[in-house]
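# Coordinates in review
Single-letter residue listing:
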Amino acid sequence: MLQHILAACALALTRARITPQWQVVGRGHGVTTRARVDAASQLCAVYAEARVNASVAALMAVVLDLERYRDWDETLVETREWTTDDGRQIIYQRFKQPWPVRDRELVLRRTEVRDAP
């Protein structure tokens, strides 16, 4: 999986220099990958999209299950979760990236809002 992502990023970097509009740079395994050069930063922006036959609640249950996160994202090397004194949920994650990409850190504040049944 990581090899597919790296290949898509490399291809995205090459093709994204052509235009500031989103360009399809890869399709495979049900995922479409697009890239463009950000006008302000001149950095390559990449995003992917896929259709999944599951509810939003089911998808969020997978994404927010920090215990099993490494099962589907092998780049995750560290994760911590805590609740602040005022009740906010904070998540810290560190991801190991292959050269030449720097490792990534992510800090999230999680808020859950549910509609009444």
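Residues numbered from 1 in each chain as written. Predicted model: local features only at pLDDT ≥ 70, side-chain atom pairs only at ≥ 80, totals over all residues. Heavy atoms only, no water.

## Details of the pairing of strand 1 (residues 23-28)
Selection criterion: Should DSSP find at least two bridges between two strands, the strands are taken to pair. Numbering of helices and strands runs from the N terminus; a helix is a DSSP stretch of H or I covering at least four residues, while a strand is a stretch of E covering at least two.
Direction of pairing for strand 1 relative to strand 2 (residues 31-37): antiparallel, over a ladder of five bridges. Within the sheet, the bridge partner assigned to Gly26 lies in strand 2 and is Thr33. Counting the residues that bridge the hairpin from strand 1 to strand 2 gives two residues, and of these His29 lies at a positive phi of roughly 55°.

## Things to note about the side chain of Gln93
Put simply, the rule is: The rule is simple: take the accessible area with a 1.4 Å probe, protein chains only, and divide by the maximum for that residue type; under 20% is buried, over 50% is exposed, in between is partly exposed. Contact definition: two residues touch when any of their heavy atoms are within 4.5 Å.
Positionally, Gln93 belongs in strand 5 (residues 89-95). Residue classification places Gln93 among the buried residues on the basis of a relative accessible area of 2%. Apart from the residues within four sequence positions on either side, Gln93 is in contact with Leu66, Tyr69, Leu76, Glu78, Thr79, Arg104, Glu105, Leu106 and Leu108.

## Side note on the sheet that holds strand 1
Each strand in a sheet pairs with its neighbour through backbone hydrogen bonds, running either in the same direction (parallel) or in the opposite one (antiparallel). Quick reminder of the rule: An axis is simply a line fitted to the C-alpha atoms; with a helix, the fit covers only the stretch in contact. Between two such axes, the angle follows the N-to-C directions and lies from 0 to 180 degrees.
With antiparallel pairing, three strands are arranged side by side in an open sheet as 1-2-3. Looking at the sheet topology across the chains shown, the edges are occupied by strand 1 and strand 3 (44-50). Mean inter-strand twist for the sheet, computed between neighbouring axes without regard to direction, equals 20°.

## Focus: the pattern of salt bridges
The line we're drawing: A carboxyl oxygen of Asp or Glu within 4 Å of a side-chain nitrogen of Lys or Arg is what we treat as a salt bridge.
One pass over the structure, following the stated rule, counts seven salt bridges. Between Arg80 and Glu78 there is a salt bridge whose closest N-O contact spans 3.2 Å. Here Arg80 falls in the partly exposed class, since its relative accessible area comes to 44%. A salt bridge links Asp86 to Arg88, with the shortest nitrogen-to-oxygen separation between them at 3.2 Å. On the basis of relative accessibility, which here comes to 55%, the residue Asp86 falls in the exposed class. Through salt bridges with shared partners, a single ionic network connects Glu78, Arg80, Arg94, Lys96 and Asp103.

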